[in-house]
Amino acid sequence: MTSPSASSRKTLSKIACNRLQKELVEWQVNPPAGFKHKATDNLQRWVIEVNGAPGTLYADEMYQLQVDFPEHYPMEAPQVIFVPPAPLHPHIYSNGHICLDILYDSWSPAMTVSSICISILSMLSSSTLKQRPPDNDRYVKNCKNGRSPKETRWWFHDDKV
């Protein structure tokens, strides 16, 4: 599951490069618990290992996040998806798309990759059910051809899972 190829994406602005380099150094010094950045030479796409928190439905499970940064990060939110197989969760679709408001409507330039990861781990940890969203099959069918989750008009109605 990938979004547009590196060659078709716009290059990062100087502000985005500086910000990401600063975040990467901070990550190396103080990584969020349960996450591991997989080193690559591509600053515009990060792959992050996610380990389920102990004592939760996802304990001892490992997943991967793919974070693609837009040209004008942090003014614009990154695209964050789970690389399939995605965890079974009421807000995570089988194609890896995540229904989480901070990735879309509630994004703030003050947020960081670390804060995104912590929010995703919190969402996973608070879940009491391992199941797909009720509209998973319809949504995934409509997302063929690499459609970005940022093109979706999400309806954030359930903060209990």
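Note that this is a predicted model, so its numbers are computed, not measured. (Residues numbered from 1 in each chain as written. Predicted model: local features only at pLDDT ≥ 70, side-chain atom pairs only at ≥ 80, totals over all residues. Heavy atoms only, no water.)

A. How the structure looks around the sheet that holds strand S1 (residues 35-38). On the basis of which strands lie adjacent, the open sheet formed by 4 strands has the order S1-S2-S3-S4 and antiparallel pairing. The open sheet is flanked by S1 and strand S4 (79-83), the only strands paired with a single partner. Going across the sheet, the axis of each strand differs from the next one's by a mean of 25°, ignoring polarity. As defined by bridge partners, strand S2 (residues 45-51) adjoins strand S3 (residues 62-68) across 7 bridges and the pair is classed as antiparallel. Considered in S3, the bridge of Val-50 is made with Tyr-63. Sheet contacts for helix H1 (residues 14-29): S1 and S2; angle to S2, the most-contacted strand, approximately 30°. Sitting on the sheet, helix H2 (residues 113-125) touches S1, S2, S3 and S4, and the angle it makes with S2 is about 35°. (Pairing = 2+ DSSP bridges. Helix = DSSP H or I, 4+ residues; strand = E, 2+ residues; numbered from the N terminus. Axes fitted to C-alpha atoms, helices over the stretch in contact; angles between N-to-C directions. Contact = heavy atoms within 4.5 Å.)

B. Focus on the environment of Tyr-58. Inspection of the secondary structure puts Tyr-58 in the loop between S2 and S3. Distance in space between the C-alpha atoms of Tyr-58 and Ser-125 is 7.1 Å, their sequence separation being 67 residues. Residues within four places of Tyr-58 in sequence aside, it is in contact with Gly-52, Ala-53, Tyr-63, Pro-87, Leu-88, His-89, Leu-124, Ser-127, Leu-129 and Lys-130. In this structure the side chain of Tyr-58 is engaged in a polar contact, spanning 2.3 Å, whose partner is the backbone oxygen of Leu-88. (Polar contact = N/O pair within 3.5 Å; in protein donor to acceptor, adjacent residues only side chain to side chain.)

C. Spatial organisation of the pairing of S4. Burial within S4 is extensive, with 4 of its 5 residues counted as buried. Inspection of the sheet shows S3 paired to S4 by 5 bridges, in the antiparallel sense. Residue Leu-65 lies in a different strand from S4, and its bridge partner there is Phe-82. (Buried < 20%, exposed > 50% of the residue type's maximum accessible area, 1.4 Å probe, protein only.)

D. Expanded view of the UniProt feature "active site" (unreviewed entry) in the protein. The feature "active site" (unreviewed entry), as given by UniProt, occupies Cys-99 in the numbering adopted here. Assignment of secondary structure puts Cys-99 in the loop between S4 and H2. On the accessibility criterion, Cys-99 (13% relative accessible area) is buried. (UniProt positions renumbered as here; feature names shortened; annotations may be inferred.)

E. Broad picture of the environment of Asn-95. Here Asn-95 shows up in the loop between S4 and H2. Sequence separation of Asn-95 and Asp-137 is 42 residues, and the distance between their C-alpha atoms is 9.8 Å.

F. Just the pattern of salt bridges, in detail. Applying the stated rule across the entire model yields 4 salt bridges. The partner of Glu-23 in a salt bridge is Arg-19, with the nearest N and O atoms 2.7 Å apart. Of this pair, Glu-23 and Arg-19 both sit in helix H1, 4 residues apart, roughly one helical turn. For the pair formed by Glu-23 and Arg-19, the shared burial category is buried. For Arg-45, the salt bridge is made with Asp-68, and the minimal N-O distance between the two is 2.5 Å. (Salt bridge = Lys/Arg side-chain N within 4 Å of Asp/Glu carboxyl O.)

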